[in-house]
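An overview of the molecular structure
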Amino acid sequence: MKIIAERLKLLRQQHGKSQATVSSDLGFSESNYQLYEYGKRIPAAKNLIQFADYYNVTTDYILGRTDKQN
């Protein structure tokens, strides 16, 4: 799903973080995180929740079901 990749990249950029920082903070390898952000892999539900908590947004926002972040 392209929207997930776009939202993850947007959130990371809005927070001024690098892919290396986000992946390290969340316990992913950088290459695994890149697959999410490039749209090559869809995050599992537990990872979506982890991203939502990290960026203080809803999972619905990451999934593209709403444009409201909170």
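In this report, the structure presented in the accompanying data block is examined. (Residues numbered from 1 in each chain as written. Predicted model: local features only at pLDDT ≥ 70, side-chain atom pairs only at ≥ 80, totals over all residues. Heavy atoms only, no water.)

For any pair of aromatic rings, geometry is given as the distance between the ring centres together with the angle between the planes. Taken as a whole and assessed by the stated rule, the structure comprises five aromatic pairs. Ring geometry for Y33 and F51: centres 6.0 Å apart, planes at 65°, overall edge-to-face. One end of the pair, Y33, is in helix α3 (residues 30–37); the other, F51, is in helix α4 (residues 45–55), and 18 residues separate them in sequence. A ring pair is formed by Y36 and F51, whose centres lie 5.8 Å apart and whose planes are at 85°; its orientation type is edge-to-face. Here the residue Y36 occupies a position in helix α3, and F51 occupies one in helix α4, the gap between them amounting to 15 residues. Residue Y36 is classed as buried on the basis of its relative accessible area of 6%. Here the guanidinium or amino end of R7 rests over the ring plane of Y61, the centre of that ring lying 4.1 Å away. (Phe/Tyr/Trp six-rings, centres within 6.5 Å; stacked < 30°, edge-to-face > 60°. Helix = DSSP H or I, 4+ residues; strand = E, 2+ residues; numbered from the N terminus. Buried < 20%, exposed > 50% of the residue type's maximum accessible area, 1.4 Å probe, protein only. Lys NZ or Arg CZ within 6 Å of the ring centre and 35° of its normal.)

So, on to the pattern of salt bridges. Charged atoms that come close allow side chains of opposite charge to pair. Across all of its chains, the model carries four salt bridges by this definition. A salt bridge links E6 to K2, with the shortest nitrogen-to-oxygen separation between them at 3.7 Å. Taken together, the residues span about one helical turn, with E6 and K2 both in helix α1 (residues 2–14) at a distance of four residues. Two residues, R7 and D67, come together in a salt bridge whose shortest N-O distance is 2.7 Å. Highlighted residues: R7 in helix α1 and D67 in the segment after α5 (59–63), separated in sequence by 60 residues. (Salt bridge = Lys/Arg side-chain N within 4 Å of Asp/Glu carboxyl O.)

Let us look at the nonpolar core. Grouped together as the largest cluster of nonpolar side chains are 15 residues, with contacts concentrated most on L8, Y33, F51, V57 and I62. Taken together, the elements giving at least two residues each to this core come down to α1, α2 (19–26), α3, α4 and α5. Of the residues forming this core, the biggest block, four residues, is contributed by α4. With residues near it in sequence (within four places) discarded, V57 still touches L11, A52, I62, Q69 and N70. (Core = buried A, V, L, I, M, F, W, Y, C linked by side-chain atoms within 4.5 Å. Contact = heavy atoms within 4.5 Å.)

Honestly, it's all geometry; don't read function into it.
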